[in-house]
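Architecture at a glance
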Amino acid sequence: MSRPQLPTPLTLAQIHEVVGGTVHGDLQTQVSALTSLGQANSCALSFVTNDKMAKAAAHAQVAALLIHRHQPDLAIPQIVVDNPMLAFARVAQRFFVQTPPPRGIADQVMQGVDVRIGSDPSIWPFVTLGDRVTIGNRVTLYPGVFVGSDSTIGDDCVLYPNVVVREGCCLGARVIVHSGTVIGADGFGYVQHQGRHHKIPQLGNVVIEDDVELGANVTIDRATFGHTLVKQGTKVDNLVQIAHNVTVGEHCILVAQVGIAGSTTIGRYVMIGGQAGLADHLTIGDQVMIAAKSGVNRSIEANQIVGGIPAMPREKALRIQGGIFQLPETRETVRKLEERVTALERQASTSSRRTATAKKRRS
């Protein structure tokens, strides 16, 4: 895979205007690509976030570095910033991500009645818009996108190929939705009667607030009543399931294959590791961290770090995990102890019989 390249090189001075910090080296140093330290490129900008990486940078063939602390032993020009990775992302976004010009509305778009589309749209062929759909300004809808009736897509949203937004759902501004994601499918609601499962109509919707990003093949079910809600700034990885009437708070991170059952409420700044599962009707407090593969079956207070199945405080979960690794040795120790106990019991029984026999003889 080729590195991001610029047709015209940047200078370190231009990069400094974007990221700030302190420059050590020639401001006219030219940069035409971005790279990691492991991919040598004498024309590229890279980043260093800690002292261990700084040692590796001594052998790197890069034009300049965004770095956490000045390294005077390095001959490479450096810009010292508090958060090199954030600075690197800003450079990439500013100079290397190209915004294509608006392409208008393709002839092959299917539109219902009373559709409203804002300025500068990019709506590709084979997009379907239901009745009374509202599309904001500068929205990009790639081929195969379906937006159901009475749904709203906010300004500057990007929906990649084959995204489905079912009827009555609402996306805020600058929402990015990757291919295969389904927003507003029916929640999994049934009532059992006489051995059969009867569907409960799912009459609510899904609301996605501003600056949310949803990965590929995410599913967010519509509410039974009211809203399934994903709040501002939350980022959701691929293959995540968010069930009906769930609320996910602001600026959360949900890693791949997380599953959240119905009516659970997630607080703000929560991080949930891959393949973690959360039961229904729970409350997860602000700034909770849930380790990968955790099974959460109880509510968690704010500022906790939990892991394991069932989820428990991280320190306890680590001790249990360590104990599992020692099970073969522990089992062998228990077997030997059982043998010693059995031998001692036999010895004690023999001694008791001898004592009883001696007493009878004396009597």
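Further up the page is the structure itself.
For the structure given in this document, a descriptive report is provided here. No experiment lies behind these values; they were computed from the predicted model shown.

**Re the overall build of the chain**
- If you tally the helices and strands in the chain, you get five helices and 39 strands.
- With respect to the principal axes defined by its C-alpha atoms, the chain has extents near 115 × 75 × 35 Å.
- In the chain, which carries 34 positive and 30 negative side-chain charges, the distance between the mean positions of the two groups comes to 19 Å.

**With respect to the pairing of strand β4 (residues 41–48)**
- For β4, the tally of buried residues reaches six of eight residues, placing the bulk of the element in the interior.
- In the sheet, strand β3 (residues 30–34) pairs with β4 via two bridges, with the strands oriented parallel. Residue pairing for β4: Ala33 is matched across the bridge by Ala44.
- A crossover connection joins β4 to the parallel strand β5 (residues 62–67) through helix α2 (residues 51–57); in handedness this β-α-β unit is right-handed.

**Considering the packing of helix α4 (residues 314–325) against helix α5 (residues 327–362)**
- Relative to each other, α4 and α5 sit at 65°, their axes nearing to 5 Å. Across from Gly323, Ile324 and Phe325 in α4, the residues of α5 making contact are Leu327, Pro328 and Glu329.
- Its residues assigned to classes, the contact of α4 with α5 shows four nonpolar, one polar and one charged.

**With respect to the pattern of salt bridges**
- Evaluated as defined, the whole model comprises eleven salt bridges.
- In this structure, the salt-bridge partner of Glu167 is Arg166, at a minimum N-O distance of 3.0 Å.
- Arg166 gets classed as partly exposed once you look at its relative accessible area, which sits at 24%.
- One salt bridge connects Lys199 with Asp186, and the closest N-O pair in it is separated by 3.1 Å. Here Asp186 lies in the loop between β20 (182–185) and β21 (190–193) and Lys199 lies in strand β22 (residues 196–199), a separation of 13 residues in the sequence.
- By relative accessible area, which is 44% here, Lys199 ends up partly exposed.
- Each of Arg166, Glu167, Asp186 and Lys199 takes part in salt bridges that share partners, so that together they form one network.

**Section: the environment of Thr22**
- Summarising the element assignment, Thr22 is placed in strand β2 (residues 22–24).
- Under the relative-accessibility criterion, Thr22 is labelled partly exposed at 44%.
- With 271 residues separating them in the primary sequence, Thr22 and Lys293 have C-alpha atoms 42 Å apart.

**As for a nonpolar patch on the surface**
- The grouping of Ile253, Val255, Met271, Met289 and Ile305 at the surface amounts to a nonpolar patch, some 370 Å² of accessible area in total.
- Looking at the secondary structure, you find Ile305 in strand β38 (residues 305–307).

About the criteria used
- Residues numbered from 1 in each chain as written.
- Predicted model: local features only at pLDDT ≥ 70, side-chain atom pairs only at ≥ 80, totals over all residues.
- Heavy atoms only, no water.
- Helix = DSSP H or I, 4+ residues; strand = E, 2+ residues; numbered from the N terminus.
- Lys, Arg positive; Asp, Glu negative; His and termini not counted.
- Charge placed at Lys NZ, Arg CZ, Asp CG, Glu CD.
- Buried < 20%, exposed > 50% of the residue type's maximum accessible area, 1.4 Å probe, protein only.
- Pairing = 2+ DSSP bridges.
- Right-handed = clockwise from strand over helix to strand, strands pointing away.
- Axes fitted to C-alpha atoms, helices over the stretch in contact; angles between N-to-C directions.
- Contact = heavy atoms within 4.5 Å.
- Nonpolar A, V, L, I, M, F, W, Y, C, P; charged D, E, K, R; others polar.
- Salt bridge = Lys/Arg side-chain N within 4 Å of Asp/Glu carboxyl O.
- Patch = residues over 30% accessible without salt bridge, like charges linked within 9 Å, V, L, I, M, F, W, Y side chains within 5 Å.
- Areas by Shrake-Rupley, 256 points an atom, 1.4 Å probe, with all protein chains shown as cover.

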